Amino acid sequence: MTALVELQDVSVDYAGHGGSVSAVQNVSLTLGENETFGLVGESGCGKTTLSMALMGLLPASARVTGQLLFRGQDLLAMSEAERRQQRGDELSMVFQDPATSLDPTFGIGYQVAETVRAHRRVSRGESKARALALLREVGIPAAESRYADPPHRLSGGMRQRVVMAAALANDPSLLLADEPTTALDVTIQAQVLDLLAELQRKHGTTILLIAHDLGVVAQICDRVGVMYAGQLVEVAPVAELFAAPRHPYTRALLEALPSRGRRGRSLRVIGGQVPDLSDPPSGCRFADRCPHRMDVCATVPPLVDSDSRRRIACWLDPATRATAGLPPVPAAPTPDAPIAVGPS
Amino acid sequence: MTEQSRTVIEQDSVPLLEVEGLVKRFPIRRGLFGSGSVHAVEGVDLQIHAGEVLSLVGESGSGKSTLGMCVTGMSTPTAGRIRFAGEDVALASRRGRADFRRRVQPVFQDPRSSLDPRWPIETTIREPLDAYRVGSSAERTARVAELMDLVGLPRHFAPRQPRELSGGQQQRVAIAAALALRPELLVADEPVSALDVSVQAQILNLLDELRNRLKLALLFIAHDLSVVEHLSDRVAVMYLGRIVETGPVERIFSAPEHPYTRALIDAIPHADPGRKMSRIRLTGEIPSPVNPPSGCRFHPRCPVAVDRCSTEEPQDTQFDEGHSAACHVAAAALAQRGSIISVLSEGATS
Amino acid sequence: MTAHPVAEVGKAARAPRRRLRTRLGGREGLAGWTIVFILIAVAILAPILAPHSPEAIDGNRILAAPTATHPFGSDDLGRDVLSRVLYAYRVSLGIAVGSVLLAMAVGLPIGVFAGYVGGWTDLILMRLIDLLLSFPALLLAISLIAILGPGSLVALLAIAIIYVPIMARVVRSSVLVVRGQAYVRGARARGASHLSIVRGHVLPNAIGPALVQASVLMAFAIVIEAALSFLGLGSQPPTPELGLMLADGNNYLTQAPWVEIFPGLGIAISVLAFNLIGDGLRRSFDPNGITR
């Protein structure tokens, strides 16, 4: 797996009225060519901020530190003009709400063709032909006759297909998809996920899928990263993560999901609250809610290779402990230790 | 009594809520002169028994929310009958209707918009008590404290404004306000879909607990089928204003009869990479409820449709105790099974 | 959790809901309010503050330049400009506040009623409002003055009539938004009466935009009134009035600019103050603090 994107110790802070908000803290992550990587976590965990940092679309109040490499190129060292050139070309994006990602006054085909022309010196005819081919590829029926249709004539699912056509217009190497199916109905979501997987196979695009729905990630991703309150806590191949989550947060998150096996039983509740990111705890940010909390948790656990395929940032993990010269946890707590049930 | 769910208690023969042939159409204006109507709900029958959780599932445009609005009295049906504890709500006196409103309470999807941003949460919880003049002022205050305990809100939250609360806490406030008048039925329209997974788990646990403790019936309107499977006793599947299948939750999820139910269940993305979504996809999208298709409304998207489906509207066929579906193909298969069985049994007797 | 006494519930009414400063519109709002209060004080205390009588004619000081005793100079009849400006605020502020209050008294109920009831009531009321809006504002004012004759009170009435439809529309549209909120539907489902819903939910949540509009309209009222007086349709001489003073000063702009400049500044300051309040309120009426 060759690296397409390398993030090293990436932190994002937002300057605000009463001090700064630490939205992302020291995230290190590598995305390989041709893989679908899922980034999951609950609202406010920093997954969208991280992807925006990658796109260079953060607001001026955000300060990004660390290294963001795209094909070995330092994104933070590039000029705004260079980054603009890159967006929509090598890097492209699909947003959650297809209703607002398209301009309501222009025909859908025109909008796809425009993306082509923004980055390629092609004639109008060529760009139109390309746009038509793209619309057909994403499954817009009767693409020729719908070419000039404004977005509101299309259903939500169809609009999201058009957004995807525009995102794929210039064969990007990396496609960022931020909750691309959240606004869609279940049967339409299934269609769009199929399409995303198919396009990935055909074009070899690397996809960074941001989602809060663990099911969506389980269905189409190769690897998954779990974020909590700005920290990346676990990265693993999808099957392993879901079968045997190792970070206490990942485990709690999966046990909070309703499923057939848990019918009639209480779902797991994570006690306490997400920490205030304008005044985050100094160590592991999950520590306050964690049933296995130890003294060492006041220090941020590094994200280390737990084994050849999995990375985890938790002081329970022997490999993490080894980095600090700590012996393995004496009496390893059972994975099913009860988590305090609190009101909220 | 055709419907019978596992929670029904024997003497409880009158359903708490009975909906019969409910129709709701919204007039729409197109330009100055054109007009038409949205057929949001087209002839729905439904029953909920005391203490039962019935989930109403379907995609956007299926009419499930409209049905919920009619049931809570926030919308007046175009036709059909709603009976609560055996009494026709439309024919009830003014007092009877007020009583019905007290006994059926809604819970909305977005807790942010269901709380007045200017009201401290205790005022919100107290509002229904004031409106119905329940007890003395001191008793109302005590009841607010009791309700806050019931939904797991710390009492010192009482003077807080909604914006000082997290989404989960806001939803607890909304539920507390809905419970203030000791209703017998909660109509919850997507109460957890605006919440994060771990918060959603808290609210689902709370609903489950309330239902056990207060013997509360719940009409749970949702699109997330894994949540539905977790919480419900029975499920009704809606498509374009019609209930296409209804039955006990285990039966619906393990052996659905209607092809639309099957497609919905197949489209669930399970949080288990080993359990992939089925390869079979429903093509196309839900048609406009202004011009619903003829015959079976699902036929243009149906993978098993036959000629008859486009012309003749299927009637409810009972497949099992409390399990029925409206599908020609499934009914034909049932009839065939039946005839085979009868042939076999005839063969055995002769 | 149960350790907290019941006494904690029921205190909300006494708990300070928000700091006064934020409610008045933050830093900007506070600046606006301060200026307005100073201007009101000035208007009320004009007889004490003014160094001279506003109507005292001094033949020796015709168009005289500012001096220590006449800091704003004197006008074409030798009257003290400073004293006249101080007195003029009585008329200007009176008309600004009066016209808007009158417009609110009429427009607010119309807007709330139309927006909350909806349907045909809304349709008919709004078409009537549109009818009123379709007249050019100044034309409406001028025709009224033609009937009733010029004067400060008539100007106030004319401006109020211009403002009623604006007020009604603003209120109606925010009532429509609030009416659609789940908490209103919920309150209804929980048995709250229409009256208590309007009082408890609709008015408090819909009043914000109306108050913002009101402060902006007050600023406009000062300008409109000045314009009417300038045209000779508002206050009549010798009433000290800012627009009237502008009209007078216009003739001597080159010889004695102070006759023009100080009333002009007087208008500008009051308009600025009301606009500052409007901007501040706009921000503070966003209970979720999104724009902050």
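Analysis parameters
Residues numbered from 1 in each chain as written. Chains lettered and ligands numbered in written order. Predicted model: local features only at pLDDT ≥ 70, side-chain atom pairs only at ≥ 80, totals over all residues. Helix = DSSP H or I, 4+ residues; strand = E, 2+ residues; numbered from the N terminus. Rg over C-alpha atoms; globule rule 2.2 N^0.38 Å. Buried ≥ 20, exposed ≤ 12 C-beta atoms within 10 Å, placed from the backbone. Contact = placed C-beta atoms within 7 Å. Pairing = 2+ DSSP bridges. Axes fitted to C-alpha atoms, helices over the stretch in contact; angles between N-to-C directions. Domains from an automatic or database assignment. Nonpolar A, V, L, I, M, F, W, Y, C, P; charged D, E, K, R; others polar. Expected span 1.5 Å × (residues − 1). Bend = angle between axes of the 7 residues up to and from the residue. Parallel < 35°, antiparallel > 145°, perpendicular 65-115°, else oblique. Left-handed = near helix turned anticlockwise from the far one by under 90°. pLDDT = per-residue confidence, 0-100. Core = buried A, V, L, I, M, F, W, Y, C linked by C-beta atoms within 7 Å.

1. A word on the overall build of chain B
When you go through chain B residue by residue, the secondary structure sums to eleven helices and twelve strands. Whereas a compact globule of 350 residues would reach a radius of gyration of roughly 20 Å, chain B reaches 22 Å, a difference of no more than 12%. Considered along the principal axes of its C-alpha atoms, chain B spans approximately 75 × 60 × 50 Å. With 350 residues in all, chain B has 55% of them scored as buried. A sequence separation of at least 24 residues applies to 65% of the contacts in chain B between residues at least 6 apart.

2. Observations regarding the overall build of chain A
When helices and strands are tallied, chain A shows twelve helices and twelve strands. The globule rule puts the C-alpha radius of gyration for 344 residues at 20 Å, and the 21 Å found for chain A is close to it. Its C-alpha atoms give chain A principal-axis dimensions of about 70 × 50 × 40 Å. Burial status across chain A gives 48% buried among its 344 residues. Of the contacts made within chain A by residues no fewer than 6 positions apart, 64% connect residues no fewer than 24 positions apart.

3. Brief notes about the sheet that holds strand β6 (residues 104-107) of chain B
Residues and elements named next belong to chain B. One open sheet holds the eight strands; their spatial order is β6-β7-β8-β3-β9-β10-β12-β11, and the pairing between them is mixed. The open sheet has two edge strands, β6 and β11 (317-320), and neither has a second partner. For this sheet, the mean angle separating the axes of adjacent strands, direction not counted, is 20 degrees. Pairing of β6 with strand β7 (residues 185-189), which is carried by four bridges, proceeds in the parallel orientation. Following the sheet pairing, V107 is matched in β7 by A188. Across the sheet, helix α5 (residues 167-179) touches β6 and β7, and the angle it forms with β6 is around 170 degrees.

4. Thoughts on the domain arrangement of chain A
All names here are of chain A. The assigned domain composition of chain A is domain 1 (3-221) and domain 2 (228-323). Once you take the C-alpha centre of each, domain 1 and domain 2 turn out to be 28 Å apart. Secondary-structure elements contributing two or more residues to the side of domain 1 that touches domain 2 are β2 (19-32) and α9 (214-220). With nine residues, β2 is the single largest residue contributor to the side of domain 1 that touches domain 2. Class assignment of the residues belonging to the side of domain 1 that touches domain 2 gives a composition of nine nonpolar, nine polar and no charged.

5. Things to note about the interface of chain B and chain A
At the interface, 37 residues of chain B touch 40 residues of chain A. At the level of elements, α5, α6 (197-214), α7 (225-231) and α9 (259-266) of chain B are the ones that each hand at least two residues to the side of chain B that touches chain A. Tallied by class, residues from the side of chain B that touches chain A come to 16 nonpolar, 13 polar and eight charged.

6. Some details on the environment of C:A88
All names here are of chain C. Tracing the sequence through the fold places A88 in helix α4 (residues 81-117). Look at A88 and you get buried, because 28 C-beta atoms sit within 10 Å. Put simply, A88 and I277 are 189 residues apart on the chain and 22 Å apart in space, counted from C-alpha to C-alpha. With residues up to four places along the chain from it excluded, the contact list for A88 reads P240, E241, L242, M245, P263 and G266.

7. Comments concerning helix α9 (residues 194-230) of chain C
Residue and element names in this part refer to chain C. For α9, with 37 residues, the first-to-last C-alpha span of 47 Å runs short of the 54 Å given by 1.5 Å per residue. The axis of α9 is deflected most strongly, by about 45 degrees, at V202, and proline P204 appears within four residues downstream. Phi turns positive, to about 85 degrees, at G232, one or two residues after α9.

8. As for the packing of helix α2 (residues 26-44) of chain C against α4(C)
Residue and element names in this part refer to chain C. At a minimum axis separation of 7 Å, α2 and α4 run at an interaxial angle of 115 degrees. In terms of their interaxial angle, α2 and α4 are classed as roughly perpendicular. Regarding α2 and α4, the two cross each other, and that crossing is left-handed. Across from L39, I40, V42 and A43 in α2, the residues of α4 making contact are L86, Y89, R90 and L93. Taken together, the residues of the contact of α2 with α4 sort by class into seven nonpolar, no polar and one charged.

9. Section: the sheet that holds strand β1 (residues 3-16) of chain A
Residue and element names in this part refer to chain A. Strand order in the open sheet made by the four strands is β2-β1-β4-β5, with antiparallel pairing throughout. Both edges of this open sheet fall to β2 and β5 (73-74), since each of them pairs with a single strand only. Relative to β5, strand β4 (residues 62-70) runs antiparallel, the two sharing two bridges. Within the sheet, the bridge partner assigned to L69 lies in β5 and is D74.

10. Digging into the confidence of the model for chain B
Residue and element names in this part refer to chain B. For chain B, mean pLDDT is 87; residues scoring 70 or higher make up 91% of the total. Throughout residues 1-11 the model reports pLDDT below 50, and contacts reaching past four residues in sequence, or to other chains, amount to 19 contacts. Model confidence for the complex: the whole-complex pTM is 0.81, and ipTM, which rates the interface, is 0.83.

11. Some remarks on the nonpolar core
If you look at the biggest cluster of nonpolar residues, it comprises 283 residues, and the most contacted ones within it are A:V112, A:V162, B:A176, C:I159 and C:M167. The element best represented in this core is α4(C), accounting for 19 residues. Composition of this core by domain shows at least three residues from each of domain 1 (3-221) and domain 2 (228-323) of chain A. Residue contacts for A:V162: discarding those within four places in its chain leaves A:L102, A:I108, A:V112, A:L135, A:I140 and A:L154.

12. Observations concerning helix α1 (residues 64-71) of chain B
For the α-helix, the turn length of 3.6 residues means that residues three or four positions removed from each other point alike. Residue and element names in this part refer to chain B. In terms of burial, α1 is largely enclosed, as eight of its eight residues are buried. Taken together, the buried positions of α1 are K64, S65, T66, L67, G68, M69, C70 and V71. Within two residues after α1, G73 carries a phi angle of roughly 80 degrees, on the positive side.

13. Points about the packing of helix α4 (residues 108-119) of chain A against helix α7 (residues 156-168) of chain A
Residue and element names in this part refer to chain A. Put simply, α4 and α7 touch, their axes get as near as 8 Å, and they point 20 degrees apart. Relative to α7, α4 is oriented roughly parallel. When the axes of α4 and α7 are compared, the crossing they make is right-handed. Between α4 and α7, the contacting residues are I108, Q111, V112 and T115 on the first element and V162, A165 and A166 on the second. Looking at the contact of α4 with α7 residue by residue, the class counts come to five nonpolar, two polar and no charged.

14. Remarks on the confidence of the model for chain A
Of all residues in chain A, 94% attain a pLDDT of 70 or more, and the chain-wide mean is 87. Across residues 335-344 of chain A the pLDDT falls below 50, and counting only partners more than four positions away or on other chains, this stretch makes 25 contacts in the model.

15. A short note on unusual backbone geometry
One non-glycine residue, A:E179, adopts positive backbone phi at about 50 degrees. Along the chain, A:E179 falls in the loop between β7 (174-178) and α8 (186-203). Taking the C-beta count within 10 Å as the criterion, A:E179 has 18 such neighbours and is therefore assigned partly exposed. Phi angles above zero are rare outside glycine, and B:K215 is one such case at about 55 degrees. Mapped onto the elements of the fold, B:K215 is located in the loop between α6 and β8 (217-222).

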